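Descriptive structure summary
Below are the chains, spelled out letter by letter.
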Amino acid sequence: MKTRVISAAAGLALFILIVYAAPSWAAVAAFCLICAIAAYEALHNTHVLEKGLPLWLCCLAAFCLPAATAYDAAYLLPLLYAFSLALFLWAVLHPQQITFEQIAQCYLGAFVLPFLLSGVLRILVQYEEGRLYVLAPFLAAWCCDSFAQITGILFGKRKLIPQVSPKKTVEGSAGGLLGGVAGLLIYGFIAGRWFGGHPNYPLLAMGGLAGSLAGMLGDLAMSLLKRKSGIKDYGNIMPGHGGILDRFDSVLFTAPLFELLFRFTNIL
């Protein structure tokens, strides 16, 4: 537990430094690295691709994707084309060394997971108020996770989906939803009171609820892939927490959700 707390504190300090103190290019570089590591965890650590050129092509594509989508989505097309060209050229020349399932999983690791994670970076760099907005997906996801854990310990009896995540309970999930809504409402109040925001509280409540559900789905989705792969954690880069995908799983679907909310509503 001590290791987990120290690791979380160090991660939070690094997040604050990168987002609020460092120049914008540092955040871009950090997310490029995070997405490359996530691709490696999703493919190598789950034993989908143990080694070889396809693995490193996926990591390279995942590294480039955050910057490509953060500044101009048009860059995504040449990146996808170049990756597909290189991957299928290698596959044609080495047909016995790769399966259809592995090819499909390459796209999951190289594009799908990094694109979802990069929602955080797109919020940060595409909005003038990005340093304020970027907190929303984390608060929705992590308030939900924290309240779910506390509620589950105190009141949890009925298992939610034991085949995917044995520790999650129905009661804990209900508490997590309330925690996510409360976290977003408090966030809106602080943003309006001290940072010049104009919070729309009904939308914030709905965003907190939707963000909490999205966070739960991300958590369960990554747990499902771990169960299917027969591993406990995606990595050990964050002592006490596991890998990048273990720590950021709940943000996978929450970040793009808030990206859409900020783009199409007046939530804040």
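Numbering of residues starts from 1 in each chain and follows the order in which that chain's sequence is written. Side-chain atom pairs in this predicted model are given and counted only at pLDDT of 80 or more, local residue features only at pLDDT of at least 70, and totals for whole chains, interfaces and linings cover all residues. Computation of side-chain values: all heavy atoms of the structure, hydrogens and water removed.

Digging into the pattern of salt bridges
- Counted as salt bridges are all cases of a side-chain nitrogen of Lys or Arg within 4 Å of a carboxyl oxygen of Asp or Glu. Taken as a whole and judged by the stated rule, the model has five salt bridges.
- Here Lys168 makes a salt bridge to Asp219, at a shortest N to O gap of 2.9 Å. Within this pair, whereas Lys168 is found in the loop between helix H8 (135–155) and helix H9 (170–194), its partner Asp219 is found in helix H10 (residues 201–229), the two being separated by 51 residues in sequence.
- Each residue is placed in one exposure class: buried if its accessible area under a 1.4 Å probe, protein chains only, is under 20% of its type's maximum, exposed if it is over 50%, and partly exposed if it falls in between. On the accessibility criterion, Lys168 (23% relative accessible area) is partly exposed. By the criteria applied, helices consist of DSSP H or I runs no shorter than four residues and strands consist of E runs no shorter than two, each listed in order from the N terminus.

Remarks on the nonpolar core
- Definition used in this section: a nonpolar core is a set of buried Ala, Val, Leu, Ile, Met, Phe, Trp, Tyr and Cys residues joined via side-chain atoms within 4.5 Å. Tyr187, Phe258, Phe262, Ile267 and Leu268 are the most contacted members of the largest nonpolar core, which totals 44 residues.
- Counting residues per element, this core draws most heavily on helix H2 (residues 24–43), which supplies eight residues.
- Residue contacts follow a heavy-atom distance rule, with two residues in contact if any of their heavy atoms lie within 4.5 Å. In this view, Phe262 contacts Ile123, Tyr127, Tyr133, Ala136, Tyr187, Ile267 and Leu268; residues no more than four positions away in its chain are not counted.
- Listed in part, the 20 residues of the second largest apolar core include Leu57, Leu79, Phe83 and Trp90.

Some details on the confidence of the model for the protein chain
- Here pLDDT means the predictor's own confidence in every residue, given as a number from 0 to 100. Per-residue pLDDT for the protein chain has a mean of 90; in total, 97% of the residues score no lower than 70.
- Element-level mean pLDDT values for the protein chain span from 74 in helix H1 (residues 2–21) up to 96 in helix H4 (residues 76–93).

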